[in-house]
Amino acid sequence: MTMPGEIILDVRDLRKSYSSATGAFERGGAESKGRTMAVDGVSFSVERGETLGIVGESGCGKTTLARILLRLIEPDSGEMRFRGQDWRRAHGAELRALRRRMQMVFQDPVASLNPRMRVGAIVGEPLAIHEPRLSRGRRRERAAEMLEDVGLGAETLDRYPHEFSGGQRQRIGIARALILRPELVMADEPVSALDVSVGAQILELLDRLRREFSLTLIMISHSLPVVAQLATRVAVMQSGKFVECGLAEEVLRAPQNPYTQSLIAAVPEIPA
Amino acid sequence: MRLDVRGLSVQLPTPGGWVRPVNGVSFALGEAETLGIVGESGSGKTMLSLALMGLLSPGGRASGEAWLHASANNGNGSGENLLAENPAEMRAARGRRIAMIFQEPMTALNPVMRVGAQVAEAIRVHEPSLGAKQIDRRVLEALERASVPEPKRRARQYAHELSGGLRQRVTIAMALAAGPSVLIADEPTTALDVTVQKQILELLENLRRELRLSMLFITHDLGVVAQVADRVAVMYAGRVVEEGPVEEVLRRPAHPYTIGLLRAAPRLVREKIEAIPGAVPPLGSLPPGCAFGPRCERHIAECDAAVPELTRVTAGSETHRARCIRADGG
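Since the model is a prediction, treat every value here as computed from it, not as a measurement.

### Side note on the domain arrangement of chain B
Residues and elements named next belong to chain B.
So, step 1. Taken domain by domain, chain B holds domain 1 (2-97 + 183-286) and domain 2 (107-179).
So, step 2. With centres defined by C-alpha atoms, the gap from domain 1 to domain 2 works out at 26 Å.
So, step 3. Across the boundary between the two partners, domain 1 contributes 11 residues, which contact 14 residues of domain 2.
So, step 4. At five residues, the largest contribution of residues to the side of domain 1 that touches domain 2 is made by helix α8 (residues 194-211).

Right, here's the structure in full:
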């Protein structure tokens, strides 16, 4: 039995454009005038506990959309409500309080970890910011617990990121994202920098943590097969728009939009 | 042309001593055939191709044999052994008999040189006597062969002005400009969108048939290998652990690593994917016996005694072989 779920994130008609004539090497002229719509009227809502996969090829606007949702960049127009509050206009204490409930897992676990910080400090850093009154010892304990939850031992606390493999570094990035117990986690290409066998470990981990921590996940990827593993709903993005959005099984089995159909047809299949 | 690789090893110096990223690899690649080499990072698949191209970084040593001979000629030791050539001979062979395309076309192209001039360079190196007009014509032919639309206009552009797919077409044009018979493609579509990947794979397939290219296709993607390869070799920690006809290996894998890779690969149909526990061991500290042993669910004490031989899979076809003492359930 399914209950109508609580909407945790609601987005209405988001738009973001960039000027396409930029840079010292641009020649100008008719071709380069005008603006590119990176996000062109995107609306969707995410229910608590579900996993929404956003799929699209390079340049479709999925990363710009993610950055808007995280409030790293401002949209030109549109509305965003997170946990019922006006997320687009939140500022000050309200912004900080909401921000800790929405965290991010990045694509490149090498670039997203400070090479000069020990793992314990990296994972504990969000606590230092959002729970400044916590003692250093308690912070370290929480970091150790979190590392254990992602499958790393407490001995990792005092080591540096370069001592770990790509998959272990992605676990560290996930531990940092989850230590504040966020409600919504956005994962941008979380396995595309990893080998197949290691990527599968990370997908398993994300799915387990989603259940254990009652997370809502938004997974952004260029890969339909990767998204198919976790997503309950799939949105297909092309030229800044959601061209199809629906239950994962339905979109993958019977895609309605021609672009979705071509994306699915292009995936090289492994004989079963 | 056929490429016959026997006992190819690569040794690299590291602070902890010499390591062997490629360890006794043998295979035969027939004319107009595609052999897929599948492996994860650290498997040695890229190092293998660099060794064949004579492009190992200084300090790296390759040993073994890699014979290129005309297909009619099956005799041993005739033809040319790429691994025994001096740098000048290797330079002459590179591009002319064996060529390579890479994962990232942007880094393979010179950013401050028009792409046409780069294709021209690849031709001029091997045919210095050609005049400017002839070279221009050959450049356009090469770009057309790689299905570059509007080749005249594209030739005058720089790499940054081209899309990822077009850039890869340009590197394919460069690689094939001097008429090689063996092409090594190292993850040529990994950086591309899936719809563009499809076009590049189709292009390579057409070129293979038209030019009777022998292709070594290196990839981590089992779906891609199923689409392009006739045969596949799966590498783990420097060794081939399983090889055979691609359909057979993917449908009825014999080595636990191949089985694990297939289970871990995300597919469009949602199934429970199962990860392989653990990670690829560092080359400096390989476990005794079978390198996959510590991650293997079928592991028994005997597996650690010696590196298993690559032996025929009993239930499989004649050329299906696996490096596992328990491959047949034993």
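### Overview of the interface of chain B and chain A
So, step 1. Contacts between the two partners involve 31 residues from chain B, matched on the other side by 28 residues from chain A.
So, step 2. Considering each element in turn, the side of chain B that touches chain A owes the most residues, five residues, to helix α9 (residues 222-228) of chain B.
So, step 3. Of the residues assigned to the side of chain B that touches chain A, the class counts are 15 nonpolar, seven polar and nine charged.

### Observations concerning the sheet that holds strand β3 (residues 34-38) of chain B
As a general point, the strands of a sheet are linked pairwise by backbone hydrogen bonds and lie either parallel or antiparallel.
Residue and element names in this part refer to chain B.
So, step 1. Overall, mixed pairing links the eight strands, which are arranged β6-β7-β8-β3-β9-β10-β12-β11 in an open sheet. A single partner strand is all that each edge strand has here, and the edge strands are β6 (98-101) and β11 (311-312).
So, step 2. The pairing of β3 with strand β8 (residues 214-219) spans five bridges and is classified as parallel. Looking at the pairing, Ile 37 lines up with Ile 218 of β8.

### Concerning the confidence of the model for chain B
Residue and element names in this part refer to chain B.
So, step 1. In the predicted model, chain B carries a mean pLDDT of 93, and 97% of its residues have values of at least 70.
So, step 2. In the model of chain B, helix α3 (residues 105-108) stands out as the element of lowest mean pLDDT, 88, in contrast to strand β9 (residues 231-236), which has the highest, 98.
So, step 3. Scored as a complex, the prediction yields pTM 0.90 and ipTM 0.84.

About the thresholds
Residues numbered from 1 in each chain as written. Chains lettered and ligands numbered in written order. Predicted model: local features only at pLDDT ≥ 70, side-chain atom pairs only at ≥ 80, totals over all residues. Domains from an automatic or database assignment. Contact = placed C-beta atoms within 7 Å. Helix = DSSP H or I, 4+ residues; strand = E, 2+ residues; numbered from the N terminus. Nonpolar A, V, L, I, M, F, W, Y, C, P; charged D, E, K, R; others polar. Pairing = 2+ DSSP bridges. pLDDT = per-residue confidence, 0-100.

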